[in-house]
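Working through the structure, step by step
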Amino acid sequence: MFEKSFLCEKCGEEYPTKDIIYRCECGGSLDVKYDYIDIKENFTRKDLDTRIFSHHRYRELLPVNKKENIISLGEGGTPLLKSKNIAEQLGLEELYFKLENVNPTGSFKDRGSSVEVGKALDHGAEKVVLASTGNMGASISAYTAKAGLETTILVPEKVSKIKLEQMKRHGSEIQLVRGDYSAAAEKAWEMMKKGFYLMGDYAYRGEGEKTVGHEIIEQIDADKIVMPVGNGTLMHSIYKGIDEFNKLGLSENTPEMVGIQARGCSTVSEAFKEDSKRIKKVEIVDTQASAIACADPLDGDLALKAIRDSGGFADSVTDRKIRHARDLLAREEGLYVEITSGAALAGIIENLEKFGKNEKVVCVLTGHGLKDLA
Ligand SMILES: [Zn+2]
């Protein structure tokens, strides 16, 4: 609708959005640019007031062109829950959890899947491929099942059985790939060259994930937003969503973005600490938090930029602390989340001195705990 072009964040090259492009020729990630002046005339607070609290209430800011191509399973519009016991234990008065685990397939990935599948239909795709550590594959499988698209998912060997079961149940073809997520991503790229429509952490996925940012801004005047970081797409997207609301005059708030990684895969946090603009690939990934075990994060540089531009910070925590935080969420707050979601809370506990007592802190819980059952 209002999408204008793809812009490479690395070299500045622009591409028309009528073409199917996944990465810039230089290898950089592409970001979808919009005509915000046009959007401002067609999308106001009044529109928001008349729509239900859901993902597609922001449709003018989403790139799916044809209305009939919007595939929804009820994603988004997730609650922001105030912490009771953990906040008290940590001495934080306003700690909130953004419950992305309650999305249709149990993770925030559903927002991106809804948009990616819609775009695949806009482009007339019939068969799609993607590489996934589990959550994305489970999510895409559900949406492509509804859209009627033939789906192949490439997964690294270390993936939870429950996520595999989700993908299979929806009718996707599963191919196990030796190595980590990056190896699966390379293979998916090869299949794209053979005619498959590629899905994954590319420009349109981020467009779907940015509605987490729109929602948080509508729900609370946050000071800090804390989340686990794997490929970096969620971080970049939430920040973009917030920036869009500011551009449209719907908000005047830029919370600090805080990215937490597993110690055994701390690409973005290392670059942040070294004051570097570019993240470095890690050779050996060593973490149980499989949803953020990305050795060569596709949107790592963009996540780093969001953290820096917002005045936030990045850190990494051990698996032991991630597990402890996950257990705290279950025991103290009744929130059964996957291990990766524990990373954000573990990061808050580890860096407690950086959080003001009265600050409004949002901790994003990315996935449901049932996903970790082997
Ligand atoms: Zn480029």
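Residues numbered from 1 in each chain as written. Predicted model: local features only at pLDDT ≥ 70, side-chain atom pairs only at ≥ 80, totals over all residues. Heavy atoms only, no water.

All right, on to helix H7 (residues 181-193) then. The end-to-end C-alpha distance of H7 is 19 Å, a good match for the 18 Å that 13 residues give at a rise of 1.5 Å each. By the burial criterion, the buried members of H7 are Tyr181, Ser182, Ala184, Ala185, Ala188, Met191 and Met192. Buried residues belonging to H7 abut strand S6 (127-131), strand S7 (150-156), strand S8 (173-177) and strand S9 (197-199). Sitting at the head of H7, Asp180 places a side-chain oxygen 3.0 Å from the backbone nitrogen of Ser182. Just past H7, the residue Gly195 takes up positive phi, approximately 110°. (Helix = DSSP H or I, 4+ residues; strand = E, 2+ residues; numbered from the N terminus. Expected span 1.5 Å × (residues − 1). Buried < 20%, exposed > 50% of the residue type's maximum accessible area, 1.4 Å probe, protein only. Contact = heavy atoms within 4.5 Å. Polar contact = N/O pair within 3.5 Å; in protein donor to acceptor, adjacent residues only side chain to side chain.)

The next subject is the environment of Ile20. Checked against the element boundaries, Ile20 lands in the loop between strand S2 (14-16) and strand S3 (30-34). Between the alpha carbons of Ile20 and Lys119 there is a distance of 9.6 Å; along the sequence they are 99 residues apart. The contact partners of Ile20, leaving out residues within four places of it in the chain, are His123 and Tyr197.

If you walk through the whole model with that rule in mind, you get eight aromatic pairs. Ring geometry for Tyr22 versus Tyr197: centroids 6.1 Å apart, planes at 80°, classification edge-to-face. Here Tyr22 is found in the loop between S2 and S3, whereas its partner Tyr197 is found in strand S9, with 175 residues between them in sequence. We classify Tyr197 as buried; its relative accessible area is 7%. With centroids separated by 5.7 Å and ring planes inclined at 65°, the aromatic side chains of Tyr22 and Tyr202 adopt a geometry described as edge-to-face. Here the residue Tyr22 occupies a position in the loop between S2 and S3, and Tyr202 occupies one in the loop between S9 and helix H8 (203-209), the gap between them amounting to 180 residues. (Phe/Tyr/Trp six-rings, centres within 6.5 Å; stacked < 30°, edge-to-face > 60°.)

Attention now moves to the domain arrangement of the protein. One can read the domain layout of the protein as domain 1 (80-107 + 205-372) and domain 2 (109-202). Placing the centre of domain 1 and that of domain 2 at their C-alpha centroids yields a distance of 24 Å. Listed per partner, the contact involves 29 residues of domain 1 and 25 residues of domain 2. Taken together, the two surfaces of domain 1 and domain 2 that pack against each other cover about 2,200 Å², and 42% of this comes from carbon and sulfur. The largest contributions to the domain 1 side of the interface with domain 2 come from Thr105, Arg205 and Lys371, which together make up 36% of the buried area. Between the two partners, domain 1 and domain 2, sit four salt bridges. A salt bridge links Arg111 to Glu215; its shortest N-O distance comes to 2.9 Å. In this structure, the connection of domain 1 to domain 2 is made through 19 residue pairs in polar contact (both at pLDDT 80 or more). (Domains from an automatic or database assignment. Buried area = accessible area lost by both parts, 1.4 Å probe. Salt bridge = Lys/Arg side-chain N within 4 Å of Asp/Glu carboxyl O.)

Quick look at the coordination of the zinc ion now. Note on the zinc ion: its protein donors are Cys8 (SG), Cys11 (SG), Cys24 (SG) and Cys26 (SG). The metal-donor distances range over 2.2 to 2.3 Å. One way to put it: the four donor atoms around the zinc ion meet at angles of 106 to 114°, and that makes the site tetrahedral. For Cys8, a relative accessible area of 2% puts it in the buried group. (Donors = N, O, S within 2.8 Å, 3.2 Å for Na, K, Ca; no water. Tetrahedral: all angles 85-135°; square planar, octahedral: opposite > 155°, others 65-115°.)

Moving on: the pattern of salt bridges. Using the criterion set out here, one finds 31 salt bridges in the structure. Between Lys119 and Glu3 there is a salt bridge, with its nearest N and O atoms 2.9 Å apart. In this pair, Lys119 is assigned in helix H4 (residues 109-122) and Glu3 in strand S1 (residues 3-8), connecting sequence segments 116 residues apart. Judged by relative accessible area, Lys119 falls into the buried class, the value being 1%. Close ionic contact of Glu359 with Lys224 constitutes a salt bridge, the shortest N to O distance being 2.7 Å. Taken as a pair, Glu359 in the loop between helix H14 (342-350) and strand S13 (360-365) and Lys224 in strand S10 (residues 224-228) lie far apart in primary sequence, 135 residues in all. Since its relative accessible area comes to 19%, Glu359 is described here as buried. Look at Lys224 and you get buried, because its relative accessible area is 4%. Residues participating in the shared-partner salt-bridge network are Glu9, Asp31, Lys33, Glu207, Lys210, Lys240 and Glu244.

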